[in-house]
Amino acid sequence: MFGERAEVDATVLGDGDPDLAVVGGIHGDEPSGVRAIRHVLDTEPDLERAVKFVVANPPAGVAHRRYLDVDMNRVFPGDPDSPDRERRLAAQLADEIGGSIVLSLHSTHSSTNPIAFVSGKHPDAQAVAARLPVEHVVNHDPVVDGAFTSCKRVVSVEVGRQLTDAATTNATKLVRSFLRMTDALPDEPTTGSPDFHTLTGSVEKPADAEDPQLLVDNFREVSEGTTYATTSDAEFVADDSFYPILMSETGYDHIFGYRGRRAGDSLQEARAAWGTPLAGDE
Ligand SMILES: [Zn+2]
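So, how was this worked out
Residues numbered from 1 in each chain as written. Predicted model: local features only at pLDDT ≥ 70, side-chain atom pairs only at ≥ 80, totals over all residues. Heavy atoms only, no water. Buried < 20%, exposed > 50% of the residue type's maximum accessible area, 1.4 Å probe, protein only. Helix = DSSP H or I, 4+ residues; strand = E, 2+ residues; numbered from the N terminus. Pairing = 2+ DSSP bridges. Right-handed = clockwise from strand over helix to strand, strands pointing away. Axes fitted to C-alpha atoms, helices over the stretch in contact; angles between N-to-C directions. Parallel < 35°, antiparallel > 145°, perpendicular 65-115°, else oblique. Left-handed = near helix turned anticlockwise from the far one by under 90°. Contact = heavy atoms within 4.5 Å. Nonpolar A, V, L, I, M, F, W, Y, C, P; charged D, E, K, R; others polar. Domains from an automatic or database assignment. Buried area = accessible area lost by both parts, 1.4 Å probe. Salt bridge = Lys/Arg side-chain N within 4 Å of Asp/Glu carboxyl O. Polar contact = N/O pair within 3.5 Å; in protein donor to acceptor, adjacent residues only side chain to side chain. Donors = N, O, S within 2.8 Å, 3.2 Å for Na, K, Ca; no water. Tetrahedral: all angles 85-135°; square planar, octahedral: opposite > 155°, others 65-115°.

(A) Focus on the pairing of strand β3 (residues 51-55). Most of β3 sits out of view: five of its five residues are buried. What you see with β3 is no split at all: V51, F53 and V55 on one side and K52 and V54 on the other are buried throughout. Pairing analysis gives five bridges linking strand β1 (residues 9-13) to β3, with the strands arranged antiparallel. For T11, the partnering residue across the bridge sits in β3 and is F53. Note that strand β2 (residues 20-24) and β3 share five bridges and pair parallel. In the sheet register, G24 faces β3, and the bridge partner there is V55. As for the winding sense of the linkage, the β-α-β connection from β2 through helix α1 (residues 32-42) to β3 is right-handed.

(B) Focus on the sheet that holds β1. If you trace the ten strands from one edge of the open sheet to the other, you get β1-β3-β2-β4-β7-β5-β6-β8-β13-β12, paired in mixed fashion. Two strands bound the open sheet, and with one partner strand each, they are β1 and β12 (243-245). With strand direction ignored, the average angle separating the axes of adjacent strands in the sheet is 30°. Bridge count between strand β8 (residues 195-204) and strand β13 (residues 255-264): eight bridges; the pairing is antiparallel. Each residue of the ladder has a partner; that of T198, found in β13, is R261.

(C) Summary view of the packing of α1 against helix α5 (residues 165-181). For the pair α1 and α5, the least separation of the axes is 8 Å and the interaxial angle reads 55°. Taken together, α1 and α5 sit at an angle that is classed as oblique. Note that α1 runs across α5; the crossing there is right-handed. Residues S32, R35, A36, H39 and V40 of α1 pack against A167, T168, A171, T172, V175, R176 and L179 of α5. In the contact of α1 with α5, the residues fall into six nonpolar, four polar and two charged.

(D) Representation of the domain arrangement of the protein. Split by domain assignment, the protein resolves into domain 1 (9-181) and domain 2 (200-262). Taking only C-alpha atoms, the centre of domain 1 and the centre of domain 2 are 27 Å apart. The interface of domain 1 with domain 2 comprises ten residues on the first partner and ten residues on the second. Note on domain 1 versus domain 2: buried area summed over both sides is about 810 Å², and carbon and sulfur give 76% of it. Its largest share of buried area at the contact with domain 2, domain 1 owes to H109, S110 and V143, together 51% of the area lost on that side. Counting every contact that joins domain 1 to domain 2 gives zero salt bridges. At the boundary of domain 1 with domain 2, the tally comes to zero residue pairs in polar contact (both at pLDDT 80 or more). Looking at the side of domain 1 that touches domain 2, its residues break down into four nonpolar, four polar and two charged.

(E) Spatial organisation of the pairing of strand β5 (residues 115-118). Neither face of β5 is exposed, since I115 and F117 on one face and A116 and V118 on the opposite face are all buried. Relative to strand β6 (residues 136-139), β5 runs parallel, the two being bridged by four bridges. For V118, the partnering residue across the bridge sits in β6 and is N139. The pairing of β5 with strand β7 (residues 154-161) spans three bridges and is antiparallel. What sits directly across from F117, in β7, is S156.

(F) Quick look at the pattern of salt bridges. Applying the stated rule across the entire model yields eleven salt bridges. Note that E30 and R66 form a salt bridge whose closest N and O atoms lie 3.4 Å from each other. Placement of E30 in the loop between β2 and α1 and of R66 in the loop between α2 (58-63) and α3 (85-97) is noted, with a sequence separation of 36 residues between them. Among the ionic pairs, D217 bridges to R220, the shortest N-O distance being 3.1 Å. With relative accessibility at 55%, the residue R220 sits in the exposed group. Overlapping salt bridges bring together E30, R66 and D71 as one network.

(G) The arrangement of the coordination of the zinc ion in detail. Protein coordination of the zinc ion is provided by H27 (ND1), E30 (OE), E30 (OE) and H106 (ND1), with donor distances spanning 2.0 to 2.4 Å. One can describe the donor arrangement at the zinc ion as irregular, given that its four donor atoms subtend angles of 56 to 151° at the metal. Taken in chain order, the donor set of the zinc ion reads H-x2-E-x75-H. Side by side, H27 and E30 carry an identical accessibility label, which is buried.

Shown next, in the form of structure tokens:
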């Protein structure tokens, strides 16, 4: 509703102008990112570089809702004059982060292990994602429009299962790894050696599906002809082989989740598959 105040909540730690940022709470029903930011701020870390910590959608967080007007992670770069709160917040957030390197924290219904999401267009974000302690890095460009990752140098991470303590623990570890890898904190970061995938589409689920059962695991290839899910009155068979990504029985109303293809075992292979411009082209 127009006129209602909605402001991102930003805190800077460390000396100077920040060119690093940690963002939580784009979705108000995913508190783990905001809790991780609070944990890190509560320890009053002695940062060697300035870092901006941002709670992106406080009104949705207070309401414990994913969003109030529109899904904030589909409306970047946002619009400061929109009647929709999330469009105004997206514009504010894009402005707050400028060209910073950003870690944005989300949580999910489908996975307990962290997964990073990037744009195929932004090599700096990919370079950060490839070093985070995650098992998988996914380019979601072909399927999502207007995600925060469409801004340069933004990595989104699904830290774990929504509303679990484990998700908050993962998120806190990821923030520390990110701050170490960018030399904001001393010590060697915990890094991973993820594989790389490309999101290619969604996997439909009837809205009135009763007793949906998922028969496959995320990131394990499903071959053509395999029954990947059932409901009380239907079986769902793969027309083509695919990799399930963010699939779950009840995470979304109209889809089981997403399908993808493998893009490689290394960042170099993935960039070739994604047609990523060289870093200097950004
Ligand atoms: Zn989210």
